[in-house]
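Understanding the architecture of this molecule
Okay, here's what each chain looks like letter by letter:
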Amino acid sequence: MDLKKLERLQNRLKDRLTFLPLKGEVSRVAGCDASFPGGMTLGVCVVLGYPSLDVVEVSYSLLKTHFPYIPTFLSFRELPSLMQAYRNLKHKPDLILVDGQGIAHPRGMGIASHLGIIIGKPVIGVAKSRLFGNFDGDVPDERGGFVHLKHEGKVIGAVVRTRKGVKPVFVSPGNLITVEDSVKWVLKLTGRYRLPEPVRIADRYSRTLL
DNA sequence: GCGACAG
DNA sequence: ATCTTGTCGC
């Protein structure tokens, strides 16, 4: 486990990121998350139909955990399992949401970006707390209110209020999508809960599947 | 040297 | 993330 080497890998992968408006039809959306039941990593991917949000498929992968939690290196802990679960899907999604940061990361390589580079599809990162980036003032307390997350003047994501009176979430593009479209889709996929349905359901399965 | 630090 | 008792608010 050579962190310096992994940092260089993240810096190299960063050059392969692309940010474009989301084009084409979105008929399926996926949510990915992992849990850690006693020394194991349970990665889960759920696919929902869009716009119905009905669960189309759930796939998972249970692997022995081989990497600890170290801030800014989350992908090396969770991706092996999440990738395996993703490969097992029979119905591939057009858009993916992952529990964690996208480019709102010190080296622009949060887990959502890393996953986005590997599978080459639009991925959005949705985190419950901040890792990197700053924002001014407060997030308007109304569903849909948001302020940009920035780093050295550049917009790298947004702090979004998905429900009035509830703590906001940190949204950032992983790959093949823009900050604006990421915010727009997170809101379109959020119902009566704090987290958008794909990640909320993936989270629930990852802790209930056993 | 000190504080921050996704899940 | 996981563990785990009690409390606040609708």
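Residues numbered from 1 in each chain as written. Chains lettered and ligands numbered in written order. Predicted model: local features only at pLDDT ≥ 70, side-chain atom pairs only at ≥ 80, totals over all residues. Heavy atoms only, no water.

1. Concerning the protein's contact with DNA strand B
Taken together, 18 residues surround DNA strand B, and among them Tyr-69, Thr-72, Gln-101, Lys-128 and Ser-129 come closest. Among the atoms of DNA strand B lying within 4 Å of the protein, the sugar-phosphate backbone contributes 48%. Contact between DNA strand B and Ile-111: a base nitrogen at 3.1 Å from a main-chain N or O atom of the residue. Residues belonging to the surface near DNA strand B are distributed by class as follows: 7 nonpolar, 6 polar and 5 charged. (Near = heavy atom within 4 Å. Polar contact = N/O pair within 3.5 Å; in protein donor to acceptor, adjacent residues only side chain to side chain. Nonpolar A, V, L, I, M, F, W, Y, C, P; charged D, E, K, R; others polar.)

2. Quick look at the packing of aromatic side chains
Taken as a whole, this structure holds 4 aromatic pairs when the rule is applied. On the numbers, 6.2 Å between centres and 65 degrees between planes, the contact of Phe-135 with Phe-170 is edge-to-face. Residue Phe-135 is located in the loop between β5 (123-127) and β6 (146-151), and its partner Phe-170 is located in strand β8 (residues 169-175); the two are separated by 35 residues in the primary sequence. Taking the relative accessible area as the measure of exposure, Phe-170 reaches 8% and is therefore buried. Pairwise contacts between aromatic rings join Phe-67, Phe-73 and Phe-76 into one cluster. Its guanidinium or amino end placed over the ring of Phe-36, Arg-77 lies 4.0 Å from that ring's centre, counting from NZ or CZ. For the cation-ring pair, Arg-200 lies above Tyr-193, with the distance from its terminal atom to the ring centre recorded as 3.9 Å. (Phe/Tyr/Trp six-rings, centres within 6.5 Å; stacked < 30°, edge-to-face > 60°. Helix = DSSP H or I, 4+ residues; strand = E, 2+ residues; numbered from the N terminus. Buried < 20%, exposed > 50% of the residue type's maximum accessible area, 1.4 Å probe, protein only. Lys NZ or Arg CZ within 6 Å of the ring centre and 35° of its normal.)

3. Focus on the sheet that holds strand β1 (residues 28-35)
One open sheet holds the 8 strands; their spatial order is β3-β2-β1-β4-β5-β8-β7-β6, and the pairing between them is mixed. Of all strands in the sheet, those bounded by a partner on one side alone are β3 (55-64) and β6. The sheet shows a mean angle of 25 degrees between the axes of neighbouring strands, taken without regard to direction. Where β5 and β8 come together, 5 bridges link them in antiparallel fashion. In the strand pairing of β8, Gly-125 is matched with Ser-172. (Pairing = 2+ DSSP bridges. Axes fitted to C-alpha atoms, helices over the stretch in contact; angles between N-to-C directions.)

4. Focus: the protein's contact with DNA strand C
Around DNA strand C, the neighbouring residues are Ser-35, Phe-36, Lys-128 and Arg-207. The backbone of Phe-36 places a nitrogen or oxygen atom 3.3 Å from a phosphate oxygen of DNA strand C. Take Lys-128: an N or O atom from its side chain is 3.1 Å from a phosphate oxygen of DNA strand C. For the surface near DNA strand C, the per-class residue count stands at 1 nonpolar, 1 polar and 2 charged.

5. Observations concerning the side chain of His-114
Its place among the elements puts His-114 in helix α3 (residues 111-119). What makes His-114 buried here is its relative accessible area of 8%. A polar contact is formed between the side chain of His-114 and the side chain of Ser-75, at a distance of 3.0 Å. Excluding its chain neighbours within four sequence positions, the residues that come into contact with His-114 are Leu-13, Ser-75, Phe-76, Leu-79 and Met-109. (Contact = heavy atoms within 4.5 Å.)

6. Re the pattern of salt bridges
Summed over the entire model, instances satisfying the criterion amount to 5 salt bridges. The salt bridge partner of Asp-99 is Lys-128, with a shortest N-O separation of 3.0 Å. With a gap of 29 residues between them, Asp-99 in strand β4 (residues 95-99) and Lys-128 in the loop between β5 and β6 connect regions that are remote in the sequence. Two residues, Arg-161 and Asp-141, come together in a salt bridge whose shortest N-O distance is 3.8 Å. In this pair, Arg-161 sits in the loop between β7 (154-160) and β8 while Asp-141 sits in the loop between β5 and β6, placing the two residues 20 residues apart along the sequence. (Salt bridge = Lys/Arg side-chain N within 4 Å of Asp/Glu carboxyl O.)

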